[in-house]
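Listed below, chain by chain, are the residues.
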Amino acid sequence: MHAQIVLYDGFDPLDVIAPFEVLAAGSERVGGDLTVTLVSAEGPRSVVGGTRGLALTAAAALDPSERGCVIVPGASGPIAGDPDDGVETIPVLLARAAQTDLTPLLRKAFDNPEVTVAGVCGGSVVMAMSGLIEGRHAVTHHLGLELLEAAGVHAVAARVVDDGDLITAGGVTSGLDLALYLLDRWYGPRIAHAVEGLFEYERRGTVWRPAGREPVEA
């Protein structure tokens, strides 16, 4: 099993580090069965994030043929500002990422039945802007839910949304919950619980799935 966490220019560091740490700890609890790698669409390179110039190194190119999951983070930057004045707002950074070679690679990942594609925070917006998740259920940071809807995505206000081979999580700290859910889904609750104990963090909220009875409005 291989978890590939994508880096692109302007990425949000916590969207990357939170799932990386959780999945790396999970790998140790399953005897190394899980490999966790930072990747980019372009291959090995230093990638500058959107928070104070913090850079992380992609060790390899994203490989959509690898069994496991691909995790797309959101971006970090100003929320407001005029792009015409050179302000690289979060929507600008997400749109730029969607216009790179990341999009065709993610399309190949979605076509691979052995791959689950996941997004943290604005990662789902990158996929929505790329036209990859139209008609699917997903979540992002609450400030970006309208962007999902505008792209034809069914936005769900939940901490984590499981739509089969697409799993998304809300704001930046939800990367912890996403990664713990992946461990639970792949290896069972005892592995996820062991990592929760190590991190002294309990997964939050009910994972939303398009299943079960519809709630009756009170």
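Residues numbered from 1 in each chain as written. Predicted model: local features only at pLDDT ≥ 70, side-chain atom pairs only at ≥ 80, totals over all residues. Heavy atoms only, no water.

- Going by the annotation in an unreviewed UniProt entry, the name recorded for the chain is Glutamine amidotransferase, with Mycobacterium paraffinicum given as the source organism.

## Quick word on the sheet that holds strand β1 (residues 2–6)
Then, number 1: Spatially, the 7 strands line up as an open sheet ordered β5-β2-β1-β6-β7-β11-β10, and their pairing is mixed. Taken across any chain shown, the strands that pair with only one partner, and hence form the sheet edges, are β5 (60–61) and β10 (160–162).
Then, number 2: With 3 bridges connecting them, β10 and strand β11 (residues 166–169) associate as antiparallel partners. Paired with V161 across the bridge in β11 is T168.
Then, number 3: Against the sheet, helix α3 (residues 102–111) contacts β1, β6 (68–72), β7 (115–120) and β11, and its axis sits at roughly 130° relative to β7. (Pairing = 2+ DSSP bridges. Helix = DSSP H or I, 4+ residues; strand = E, 2+ residues; numbered from the N terminus. Contact = heavy atoms within 4.5 Å. Axes fitted to C-alpha atoms, helices over the stretch in contact; angles between N-to-C directions.)

## Topic: the packing of aromatic side chains
Then, number 1: Under the criterion given, the structure shown has 1 aromatic pair.
Then, number 2: For the pair W186 and Y187, a centre-to-centre distance of 6.3 Å together with 85° between the ring planes defines the contact as edge-to-face.
Then, number 3: Judged by relative accessible area, which is 24%, Y187 ranks as partly exposed. (Phe/Tyr/Trp six-rings, centres within 6.5 Å; stacked < 30°, edge-to-face > 60°. Buried < 20%, exposed > 50% of the residue type's maximum accessible area, 1.4 Å probe, protein only.)

## Notes on α3
Then, number 1: All of the buried residues along α3 are L102, T103, L105, L106, A109 and F110. The buried residues of α3 occupy an angular sector of 160° when the element is viewed end-on, so they sit on one face. Structural note: α3 exposes K108 and D111 on the side pointing more than 90 degrees away from its buried face.
Then, number 2: Buried positions along α3 lie against β1, β6, α2 (90–98), β7, α4 (123–129) and β11. (Arc of directions from axis to C-beta.)

## Points about the UniProt feature "domain: DJ-1/PfpI" (unreviewed entry) in the chain
Then, number 1: The sites that UniProt annotates as "domain: DJ-1/PfpI" (unreviewed entry) are residues 104–183.
Then, number 2: End-to-end, the C-alpha atoms of residues 104–183 are 27 Å apart, and along that stretch the chain is 39% helix and 21% strand. (UniProt positions renumbered as here; feature names shortened; annotations may be inferred.)

## Quick notes on the pairing of β11
Then, number 1: Of the two faces of β11, the one carrying L166 and T168 and the one carrying I167 and A169 are both buried.
Then, number 2: Counted between consecutive antiparallel strands, the loop separating β10 from β11 contains 3 residues, among which G164 sits at a positive phi close to 80°.

## Quick look at helix α6 (residues 174–187)
Then, number 1: For α6, which comprises 14 residues, the first-to-last C-alpha distance of 20 Å matches the rise-based estimate of 20 Å (1.5 Å per residue) to within 8%.
Then, number 2: The element α6 is largely enclosed, with a buried count of 11 among its 14 residues.
Then, number 3: Residues S174, G175, L176, D177, L178, A179, L180, Y181, L182, L183 and W186 constitute the buried set of α6.
Then, number 4: Buried residues in α6 make contact with α1 (13–29), β6, β7, β10, β11 and α7 (189–199).
Then, number 5: Positive phi appears at G188, one or two residues downstream of α6, with a value of about 100°. (Expected span 1.5 Å × (residues − 1).)

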